[in-house]
Amino acid sequence: MRFPQMRDYVIDALRSLADVDHQRVVWGRYEEGVRYYDDLTLNVHVLYDDCQVVPEPSTAVGAVLFEHEVPAFTALHAALDPMIDDLQDASDDVYITDPRWPDVVAAAAAALVVMGAAG
């Protein structure tokens, strides 16, 4: 694995996407003195832009992903991308209350399992 730290970023993004309680409590909340921030936009950027495991996960094999992980990221892309196309810059609350959101949560959780990072 050429970029293990990027792999860690992907795992963190998946954990955030797979945890509805975390999303409701943490996403988009600014707290004075707290240096940690998390929201949908951050996690989408990690997956699509920074680590480029979505939309073409096969291009990340050897750098961030293993070959056997590609189908899980293809499934995540299939769940998340239509929502991004439809909802674009809508708030996190709009995303997490959309009836399609549970599919994204499930796909992220499945990718964590495949990566051996669940739990």
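Residues numbered from 1 in each chain as written. Predicted model: local features only at pLDDT ≥ 70, side-chain atom pairs only at ≥ 80, totals over all residues. Heavy atoms only, no water.

1. Re the side chain of Arg7
Alright, step 1. Relative to the helices and strands, Arg7 is located in helix 1 (residues 4–17).
Alright, step 2. For Arg7, a relative accessible area of 11% puts it in the buried group.
Alright, step 3. Residues within four places of Arg7 in sequence aside, it is in contact with Met1, Val64, Leu65, Phe66, Glu69 and Met115. (Helix = DSSP H or I, 4+ residues; strand = E, 2+ residues; numbered from the N terminus. Buried < 20%, exposed > 50% of the residue type's maximum accessible area, 1.4 Å probe, protein only. Contact = heavy atoms within 4.5 Å.)

2. Points about the packing of aromatic side chains
Alright, step 1. Across all of its chains, the model carries 2 aromatic pairs by this definition.
Alright, step 2. Seen from their ring centres, Trp27 and Trp101 are 6.0 Å apart, and the 75 degrees between their planes marks the pair as edge-to-face. One end of the pair, Trp27, is in the loop between helix 2 (20–26) and helix 3 (40–50); the other, Trp101, is in helix 6 (residues 101–114), and 74 residues separate them in sequence.
Alright, step 3. Since its relative accessible area comes to 2%, Trp27 is described here as buried.
Alright, step 4. When its relative accessible area of 1% is taken as the criterion, Trp101 is described as buried.
Alright, step 5. With a centroid separation of 6.4 Å and an interplanar angle of 80 degrees, the aromatic rings of Tyr95 and Trp101 are classed as edge-to-face.
Alright, step 6. With a relative accessible area of 2%, Tyr95 lands in the buried category.
Alright, step 7. Connected via pairs of aromatic rings, a cluster forms that spans Trp27, Tyr95 and Trp101. (Phe/Tyr/Trp six-rings, centres within 6.5 Å; stacked < 30°, edge-to-face > 60°.)

3. Regarding the nonpolar core
Alright, step 1. Counting 37 residues, the largest nonpolar core has Val10, Leu14, Leu47, Val53, Phe73, Leu76 and Trp101 as its most contacted members.
Alright, step 2. No other element matches helix 4 (residues 70–87), which puts 8 residues into this core.
Alright, step 3. In contact with Leu14, not counting residues within four places along its chain, are Phe73, Leu76, Ala108, Ala111, Leu112 and Met115. (Core = buried A, V, L, I, M, F, W, Y, C linked by side-chain atoms within 4.5 Å.)

4. Digging into the layout of surface pockets
Alright, step 1. The calculated volume of the largest pocket comes to roughly 180 Å³.
Alright, step 2. In terms of lining, the largest pocket is formed by Leu40, Thr41, Val44, His45, Asp49, Ile84, Gln88, Asp89, Ala90 and Tyr95.
Alright, step 3. Looking at which element gives the most residues to the lining of the largest pocket, the answer is helix 3, with 5 residues.
Alright, step 4. Of the residues that constitute the lining of the largest pocket, the class distribution is 5 nonpolar, 3 polar and 2 charged.
Alright, step 5. In this structure, the second largest pocket is lined by Tyr9, Asp12, Ala13, Ser16, Tyr36, Tyr37, Asp38, Leu42, Asn43 and Val46. (1 Å grid on protein atoms, 1.4 Å probe; cavity = no way out; pocket = protein on both sides within 12 Å on 5 of 7 lines; lining within 4 Å. Points joined across faces, edges and corners; volume = space filled by probe spheres on them. Nonpolar A, V, L, I, M, F, W, Y, C, P; charged D, E, K, R; others polar.)

5. A short note on unusual backbone geometry
Alright, step 1. Following Val54, the chain continues to Pro55 via a peptide bond in cis, the omega torsion being 10 degrees.
Alright, step 2. Here Pro55 shows up in the loop between helix 3 and helix 4.
Alright, step 3. If you check the backbone angles, Gln52 has positive phi at about 50 degrees while not being a glycine.
Alright, step 4. Relative to the helices and strands, Gln52 is located in the loop between helix 3 and helix 4.
Alright, step 5. Notably, Gln88 is not glycine yet its phi reads approximately 45 degrees, a positive angle.
Alright, step 6. Structurally, Gln88 is set in the loop between helix 4 and helix 5 (92–97).

Worth remembering: the numbers are spatial, not functional.
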